[in-house]
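Remarks on the overall topology
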Amino acid sequence: MEFIITDSPMDMNVRAAALIEDYLRADPACVLGLATGTTPIGLYKKLVDDCAEGLVHFDQATTFNLDEYCGLDPRHQQSYRYFMNKHLFDHVDIDKSKTFVPEGINKDAHSVCASYEQAIQAAGGIDMQLLGLGSNGHIGFNEPAEAFPVTTHQVELSDTTIKDNSRLFDSIEDVPRRAYTMGIGTIMAARSVLVVAEGAHKAAIVKEAFFGPVTPQVPASILQFHPCVSIMVDPAAGAYCKEYLTNR
Ligand code: F6R
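Now for a quick tour of the structure. Bear in mind that the values here come from a model prediction, so they are computed numbers and not experimental data. (Residues numbered from 1 in each chain as written. Predicted model: local features only at pLDDT ≥ 70, side-chain atom pairs only at ≥ 80, totals over all residues. Heavy atoms only, no water.)

1. Here's the deal with the overall build of the chain
Within the chain, the secondary structure is distributed over 7 helices and 10 strands. Against the compact-globule benchmark of 18 Å for 248 residues, the chain has a radius of gyration of 17 Å, which places it among compact chains. Principal-axis analysis of the C-alpha atoms gives the chain an extent of 45 × 45 × 35 Å. Evaluated residue by residue, the chain yields a buried proportion of 53% over its 248 residues. Considering only contacts within the chain whose residues lie at least 6 apart along the sequence, 80% involve residues at least 24 apart. In the form shown here, the chain has an accessible surface area of approximately 10800 Å², with 53% of it arising from carbon and sulfur atoms. (Helix = DSSP H or I, 4+ residues; strand = E, 2+ residues; numbered from the N terminus. Rg over C-alpha atoms; globule rule 2.2 N^0.38 Å. Buried < 20%, exposed > 50% of the residue type's maximum accessible area, 1.4 Å probe, protein only. Contact = heavy atoms within 4.5 Å. Areas by Shrake-Rupley, 256 points an atom, 1.4 Å probe, with all protein chains shown as cover.)

What follows is the structure, given as structure tokens:
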């Protein structure tokens, strides 16, 4: 596990974007796993700028997003499909038919989840999975639980996540109560993983997830067992972990 405390949020975005661009340059047809949330917005902006300058291309890449709210139409401004179009896909040279987000509007959970796993397999698996970190340790929408869920599934969102995400909706009542998410097994099967975390409100969970016991009560802790994981945090999120850093 590589644990890097970057110099600033901007430095984190630049370094995280550089890592993703390394994958795209080494294999332009690589398969990227992508995340939404506030944390990756700056790094997506860097990817957009670099693509505009011709420094990186997405035209052969395939992407799979981690998750989507159940019941939200792709045109809903809080849907993750809308987010991805707004922050990345509309501004880079990607073939949108090769960008996948779980079909939140489809109520047939079994079919949505099984076909998502099949599509990932058909694409050859995920080369590089980008993750944010929930304040309760969730990755994707894998919430603290008694066991690690394996494959893509439908989840009931925890009260913490509903409260955290209500900032983006008109009211807390508007936050969907369910989502589709890749499972922990889906995420762990990615050939490499990059986690980004930013802000003082993530400092405690960064320490717990990456330097505490591995437990399904802190879903991100499983990443301690992944053979190729980089964790990049800003100074505020890394405040309790200075002794662990592997900065080079
Ligand atoms: C988003 C996702 C979530 C977020 C996490 C952190 O697709 O799967 O796990 O990465 O909730 O969100 P932010 O970055 O908003 O703090």
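Having put the structure on the table, let's press on.
2. Some words on the site of the ligand
Contacts to the ligand come from 14 residues, most closely from T39, D67, H138, G140 and K202. One nitrogen or oxygen atom from the side chain of T39 is found 2.4 Å from an oxygen atom belonging to the ligand. Contact between the ligand and R167: an oxygen atom at 3.1 Å from a side-chain N or O atom of the residue. Coverage of the ligand by the protein chains reaches 92% of its 410 Å² of free accessible surface. Taken together, the residues of the shell around the ligand sort by class into 3 nonpolar, 8 polar and 3 charged. (Near = heavy atom within 4 Å. Polar contact = N/O pair within 3.5 Å; in protein donor to acceptor, adjacent residues only side chain to side chain. Nonpolar A, V, L, I, M, F, W, Y, C, P; charged D, E, K, R; others polar.)

3. Quick word on the sheet that holds strand β10 (residues 229-233)
Across the sheet, 7 strands lie side by side as β1-β10-β9-β6-β2-β3-β5; this open sheet has parallel pairing. Of all the strands in the sheet, just β1 (2-5) and β5 (99-100) have a single pairing partner and so form its edges. As defined by bridge partners, strand β3 (residues 62-65) adjoins β5 across 2 bridges and the pair is classed as parallel. Residue pairing in the sheet places T63 in a bridge with T99 of β5. (Pairing = 2+ DSSP bridges.)

4. Points about the packing of helix α1 (residues 9-26) against helix α2 (residues 41-52)
What describes two packed helices is the angle between their axes and the distance between those same axes. Direction vectors running N to C along α1 and α2 enclose 55 degrees, while the axes themselves pass 8 Å from each other. The orientation of α1 with respect to α2, classified from their angle, is oblique. Here α1 and α2 pass one another in a crossing that is right-handed. Here N13, V14, A16, A17, I20 and E21 of α1 come into contact with α2, specifically with G42, L43, K46, L47 and D50. By residue class, the composition of the contact of α1 with α2 is 6 nonpolar, 2 polar and 3 charged. (Axes fitted to C-alpha atoms, helices over the stretch in contact; angles between N-to-C directions. Parallel < 35°, antiparallel > 145°, perpendicular 65-115°, else oblique. Left-handed = near helix turned anticlockwise from the far one by under 90°.)

5. Notes on the packing of α2 against helix α3 (residues 80-87)
Where α2 meets α3, the closest approach of the two axes is 10 Å, and the angle between their N-to-C directions is 45 degrees. On the basis of their axis angle, the class for α2 and α3 is oblique. Within the contact between the two elements, α2 uses I41, Y44 and V48 and α3 uses F83, M84 and H87. Of the residues contributing to the contact of α2 with α3, the split by class is 5 nonpolar, 1 polar and no charged.

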